[in-house]
Amino acid sequence: MLGVLAMLILVLAACSSATESSDAGGGGDDGGGDTGETVSMANTTFTPSTLTIPAGTTVTFTDTSGHTVTEGTDGTPVDDPIVDEEGGSDVSVTFDEAGTYNITCKIHPSMNMTITVEG
Ligand SMILES: [Cu+2]
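Residues numbered from 1 in each chain as written. Predicted model: local features only at pLDDT ≥ 70, side-chain atom pairs only at ≥ 80, totals over all residues. Heavy atoms only, no water.

Asks: Outline the overall build of the protein, listing residues and values.
Replies: Counting secondary structure elements, the protein contains one helix and nine strands. The order of helices and strands in the protein, counted from the N terminus, is α-β-β-β-β-β-β-β-β-β. In the protein, which comprises 119 residues, the share counted as buried stands at 27%. For the protein, long-range pairs separated by at least 24 residues make up 53% of all intrachain contacts whose partners lie at least 6 apart in sequence. In the structure as shown, the protein presents an accessible area of about 7200 Å², 54% of it carried by carbon and sulfur atoms. (Helix = DSSP H or I, 4+ residues; strand = E, 2+ residues; numbered from the N terminus. Buried < 20%, exposed > 50% of the residue type's maximum accessible area, 1.4 Å probe, protein only. Contact = heavy atoms within 4.5 Å. Areas by Shrake-Rupley, 256 points an atom, 1.4 Å probe, with all protein chains shown as cover.)

Asks: Residues and numbers for the sheet that holds strand S7 (residues 91-95), please.
Replies: Taking strand neighbours across the sheet as the criterion, the three strands line up as S1-S3-S7 in an open arrangement whose pairing is mixed. Sheet topology places strand S1 (36-40) and S7 at the edges, where each strand pairs with a single neighbour. Direction aside, neighbouring strands of the sheet carry axes that sit 25° apart on average. Where strand S3 (residues 57-62) lies against S7, five bridges are found, and the strand directions are antiparallel. Bridging across to S7, Thr60 finds its partner in Ser92. (Pairing = 2+ DSSP bridges. Axes fitted to C-alpha atoms, helices over the stretch in contact; angles between N-to-C directions.)

Asks: Requested: an account of the environment of Leu51, with residues and values cited.
Replies: Position of Leu51 relative to the elements: it lies in strand S2 (residues 50-54). Looking at Leu51, the relative accessible area reads 9%, which means it is buried. The sequence separation of Leu51 and Val39 amounts to 12 residues, and the corresponding C-alpha distance is 8.9 Å. Once residues within four sequence positions are removed from consideration, Leu51 is found in contact with Glu37, Val39, Val59, Met113, Thr114, Ile115 and Thr116.

Asks: Tell me what's going on with the nonpolar core, and back it up with residues and numbers.
Replies: Counting residues in each nonpolar core, the largest one holds 19 residues, and the members touching the most others are Phe46, Val59, Phe61, Phe95, Ile103, Met113 and Ile115. Taken together, the elements giving at least two residues each to this core come down to S2, S3, S7, strand S8 (99-104) and strand S9 (112-118). Sequence-distant contacts of Ile115, defined by excluding residues within four places in its chain, comprise Leu51, Ile53, Val59, Phe61, Phe95, Gly99, Thr100, Tyr101 and Ile103. (Core = buried A, V, L, I, M, F, W, Y, C linked by side-chain atoms within 4.5 Å.)

Asks: Kindly report on the packing of aromatic side chains, identifying the contributing residues and their values.
Replies: Inspection of every chain in the model, using the stated rule, returns two aromatic pairs. Judged by centre distance (5.1 Å) and plane angle (65°), the ring pair of Phe95 and Tyr101 falls under edge-to-face. Grouping residues by exposure puts Phe95 and Tyr101 together as buried. (Phe/Tyr/Trp six-rings, centres within 6.5 Å; stacked < 30°, edge-to-face > 60°.)

Asks: Could you give me a rundown of the side chain of Glu71, with the residues and numbers involved?
Replies: On the secondary structure map, Glu71 appears in strand S4 (residues 68-73). In this structure the side chain of Glu71 is engaged in a polar contact, spanning 2.9 Å, whose partner is the backbone nitrogen of Ile82. For Glu71, the contacting residues outside a window of four places in its chain are Thr76, Pro77, Val78, Asp80, Pro81, Ile82, Val83, Tyr101, Asn102 and Ile103. (Polar contact = N/O pair within 3.5 Å; in protein donor to acceptor, adjacent residues only side chain to side chain.)

Asks: Account for the side chain of Thr70, naming residues and giving values.
Replies: In this structure, Thr70 sits in strand S4. What makes Thr70 buried here is its relative accessible area of 0%. A polar side-chain atom of Thr70 sits 2.8 Å from a polar atom in the side chain of Thr68. A polar atom in the side chain of Thr70 sits 2.9 Å from the side chain of Asp84. Not counting chain neighbours up to four residues away, the residues in contact with Thr70 comprise Pro77, Val83, Asp84, Asn102, Ile103, Thr104 and Lys106.

On their own, these measurements won't tell you what the molecule is for.
Okay, here's the thing in structure tokens:
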């Protein structure tokens, strides 16, 4: 009986330490700096729709299938966009220069978001 209890405690301990280490791995998966943000494009909506970040931050756009990640407004790219990528897999963009960046989707002009980069 005592042996079974000891086994149970060992199993529980193993479970909780496995959870902790997988959480730590998830936090560091951008590999670059220590700052990173994620924007979802699910349901033809950028979530969040506004983002304020320090310069040098990498923003990863997820759920990009059927979308584009494009600097622009109402589906129209700006001249010389810093990003204009077809979706299908995650799109990561590093914002090195301070300023305001409008991000849209060329397929869904109603999809818009604003990223403010602080220098
Ligand atoms: Cu779209």
